[in-house]
Amino acid sequence: MEQARNRAAESRAAPKISVEEPVTRGNNPVFVFGSMLEQAQFGPANFDLPTLNNPASLTNFRTVLSADLSLFDGRKTSARVAQARIGSDVALLQNQAAEQQVRFEVLRNYFGLVLAESALDVAEDALRTDRRVYVFMAISAFAQNRSYEETRNREFMSSMRD
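Heads up: these notes are all about the structure in this document. Since we're looking at a predicted model, the values are computed, not measured.

1. Observations concerning the side chain of Ser35
Alright, step 1. Here Ser35 shows up in helix H2 (residues 29–38).
Alright, step 2. Its relative accessible area of 2% is what places Ser35 among the buried residues.
Alright, step 3. Discounting residues that sit within four places of it in the chain, Ser35 has contacts with Leu58 and Asn60.

As C-alpha cells, then:
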C-alpha cells in the first residue's frame, strides 16, 4: 500500500500523454460548415445557398493527441514524494510498535501466570503447615488437658520472648 502511494507521488513528475477521439454527427448549418472547413472538404460547390442552409448530416471524427509535462510545480511533487516516504516510514514504525506491544503482553501474561502459580504453591504450603501446627497444638492441648486456645496463647507468648 505504501509502495503504491510512493509510486503515485512520483508519477506526478512523469509526462502525461492522452488520446481522445470524439465523434459528432449533425446537420446544423454552422456545424456542417465548420466541420467541412476543418476536414478540408469545403469547395466552391458548398457555397450553394440551399445546401448551406439545409445541409445533409455530416459525421465528424476528430483525433486529438496531447502531451503534458510540468516543468516546475513549485516543488509540490518532491514534497509529495517526501511525504509519501515519511508516511511509509511511519507505517513501518507503527507496525514494529504493535509487534513489540504484543511481545510485551505475552511476556507480562506469562510471568503473571508464573507468579500466580508460585503464590498458589506458597499458599498451599502455608495451609499444610498451618494444618500440621493446628494438629500438633490440638494434640499437645489434649495431652496437657488444656484447651486449644490456651495452648495457642502460650505458643504465641513463647514466640514473642524469642
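Still more to cover.
2. What to know about the pattern of salt bridges
When the charged atoms of two side chains lie near each other, side chains of opposite charge can form a pair.
Alright, step 1. Going through the model one piece at a time under the given rule, you end up with 3 salt bridges.
Alright, step 2. The salt bridge involving Arg62 is made with Glu38; its shortest N-O contact spans 3.5 Å. Here the residue Arg62 occupies a position in the loop between strand S3 (58–61) and strand S4 (64–68), and Glu38 occupies one in helix H2, the gap between them amounting to 24 residues.
Alright, step 3. For the salt bridge of Asp125 with Arg128, the shortest nitrogen-to-oxygen distance reads 2.2 Å. With Asp125 and Arg128 both in helix H4 (residues 76–143), this residue pair falls 3 residues apart, about one helical turn.
Alright, step 4. For Asp125, a relative accessible area of 39% puts it in the partly exposed group.

3. As for the packing of aromatic side chains
Alright, step 1. Within the structure shown, the criterion is met by 1 aromatic pair.
Alright, step 2. Here the aromatic rings of Tyr110 and Phe111 are separated by 5.1 Å at their centres, their planes lie at 70°, and the arrangement is edge-to-face.

4. Quick word on H2
Alright, step 1. Buried within H2 we find Val32, Ser35 and Met36. For H2, the angular spread of the buried residues around the axis is 100°, confining them to a single face.
Alright, step 2. On the buried face of H2, the contacting elements are strand S2 (23–26) and S3.
Alright, step 3. The opening residue of H2, the one whose side-chain oxygen lies 2.9 Å from the backbone nitrogen of Val30, is Asn28.
Alright, step 4. At the exit of H2 stands Ala40, carrying a positive phi of roughly 60°.

5. So, the environment of Arg62
Alright, step 1. The exposure class of Arg62 is partly exposed, given its relative accessible area of 42%.
Alright, step 2. Considered as a pair, Arg62 and Val23 are 39 residues apart in the sequence and their alpha carbons are 6.5 Å apart.
Alright, step 3. When residues no more than four places from it in sequence are discounted, the contact partners of Arg62 are Glu20, Glu21, Pro22 and Glu38.
Alright, step 4. A polar atom in the side chain of Arg62 sits 3.5 Å from the side chain of Glu38.

Criteria and thresholds
Residues numbered from 1 in each chain as written. Predicted model: local features only at pLDDT ≥ 70, side-chain atom pairs only at ≥ 80, totals over all residues. Heavy atoms only, no water. Helix = DSSP H or I, 4+ residues; strand = E, 2+ residues; numbered from the N terminus. Buried < 20%, exposed > 50% of the residue type's maximum accessible area, 1.4 Å probe, protein only. Contact = heavy atoms within 4.5 Å. Salt bridge = Lys/Arg side-chain N within 4 Å of Asp/Glu carboxyl O. Phe/Tyr/Trp six-rings, centres within 6.5 Å; stacked < 30°, edge-to-face > 60°. Arc of directions from axis to C-beta. Polar contact = N/O pair within 3.5 Å; in protein donor to acceptor, adjacent residues only side chain to side chain.

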